[in-house]
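Observations on chain architecture
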Amino acid sequence: AKIREKNIPLCVVFGNHDGEEGFHTEFQMMQYMEYPNCRSNLNDADVYGCGNCCITIKDSKGEKDAFALWLMDSNDYEKHPAGDGYAHVHDDQIEWYENEIASLKKQYGEDLKSLIYLHIPIPEYRDLFTQNEDGIFTPNENVKVLYGEMREPMGGSWFNSGLFEAMKRNGTEAMFCGHDHCNDFCAEYEGIYLAYNQTGGYNCYRLYDSKIMSSDESTWHYGVNTTDIAKNGSFEMKNYRHTEFNK
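Our subject in this report is the structure included herewith. (Residues numbered from 1 in each chain as written. Predicted model: local features only at pLDDT ≥ 70, side-chain atom pairs only at ≥ 80, totals over all residues. Heavy atoms only, no water.)

**A look at the side chain of Gln 93**
Rules: By definition, any uninterrupted DSSP run of H or I lasting at least four residues is a helix, any uninterrupted run of E lasting at least two residues is a strand, and each is numbered from the N terminus. As used in this structure description, the phrase polar contact means that two N or O atoms lie within 3.5 Å; if the pair is within protein, one of them must be able to donate a hydrogen and the other to accept it, and residues adjacent in sequence are counted only when both atoms belong to side chains. Between two residues, a contact is recorded if the distance between any of their heavy atoms is within 4.5 Å.
Tracing the chain through its elements places Gln 93 in helix α3 (residues 91-108). Of note is the side chain of Gln 93, whose polar atom sits 2.8 Å from the backbone oxygen of Asp 73. In contact with Gln 93, other than residues within four places in its own chain, are Val 47, Tyr 48, Asn 52, Met 72, Asp 73, Asn 75 and His 88.

**Considerations on a negative patch on the surface**
Condition: The residues that make up patches have over 30% relative accessible area and no salt bridge, and they are joined within 9 Å when like-charged or within 5 Å when they are Val, Leu, Ile, Met, Phe, Trp or Tyr. Per-residue and other accessible areas were derived by the Shrake-Rupley procedure at a 1.4 Å probe size, with only the shown protein chains allowed to occlude residues. Any Lys or Arg side-chain nitrogen found within 4 Å of a carboxyl oxygen on Asp or Glu counts as a salt bridge. Charge assignment in this entry is limited to Lys and Arg as positive and Asp and Glu as negative, and neither His nor the chain termini are counted. Charged groups are reduced to one reference atom each: NZ for lysine, CZ for arginine, CG for aspartic acid, CD for glutamic acid. The classification of residues rests on relative accessible area computed with a 1.4 Å probe and restricted to protein chains. Under 20% of the type maximum is buried, over 50% is exposed, and intermediate values are partly exposed.
Among the surface-exposed residues, Asp 18, Glu 20, Glu 21 and Asp 76 lie close enough to one another that they form a single negatively charged patch. A relative accessible area of 65% places Glu 21 in the exposed class.

**Quick word on the sheet that holds strand β2 (residues 65-71)**
Our working definition: Here, any two strands with at least 2 DSSP bridges between them count as paired. Convention adopted: a line fitted to C-alpha atoms gives each axis, helices being fitted over their contacting stretch, and angles between N-to-C directions are expressed from 0 to 180 degrees.
An order of β1-β2-β5-β9-β11-β10-β8 is seen for the 7 strands of this open sheet, with the pairing classed as mixed. A single partner strand is all that each edge strand has here, and the edge strands are β1 (53-58) and β8 (143-147). Each strand axis lies, on average, 20 degrees off the axis of its neighbour in the sheet, ignoring direction. Examined bridge by bridge, β8 and strand β10 (residues 186-189) share 4 bridges and lie antiparallel to one another. Paired with Lys 144 across the strands is Glu 188, a residue of β10. The sheet contacts of α3 involve β1, β2 and β5 (113-117), and relative to β2 the element is tilted by about 170 degrees. Running at roughly 135 degrees to strand β11 (residues 192-196), helix α4 (residues 163-170) makes contact with β5, β9 (174-177), β10 and β11 of the sheet.

Following this line, the structure appears as structure tokens:
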């Protein structure tokens, strides 16, 4: 209601649980699209999943697209020779992304900036940290952690469909995911920022763990993340704890 009252632009990225309660994601997206300022849609192209779309942002003069936000459906579950479990981003989704970003750069210039948002992390997130016998994660040597921590193993597909390499080819600077409730870090890896958005509500597992934090709610790791995009095309990622909103 507050979003509608303030007419805030809204985008939606689906997670693996969203289609589990009898309402498929296409139906849910149609409900979101009834909100006049919803910027998401069923799909920009005929590709796998729902909600694959590109949201462009104009430059400070409002003359050309200077920034692109890629919203991707990371899908839900699958059976695969590489390991059953969570799904992956499909080849046609990556092809759509690469074709569309090439078209945007041809029209607006190679300096077009872009970010990707999806729910389930891609396999490269597993390359960022090493877990010791005590269950503590430490960043690997080729990884620079900007903020946050890894507190649980990455839960995603074991099949690598090549999205990270596509990001490197096309100059996309960062990816934001969710899924693993206890992780809230942003790490730079091979020139790309791989980040987790924090858990935003109470209805999730492991808001606290006796081995990691106390039952004192002020220590629980949930909140929101923001990405501030400046007029010059630079962007800043911020991590806000829930306690910062109770002051």
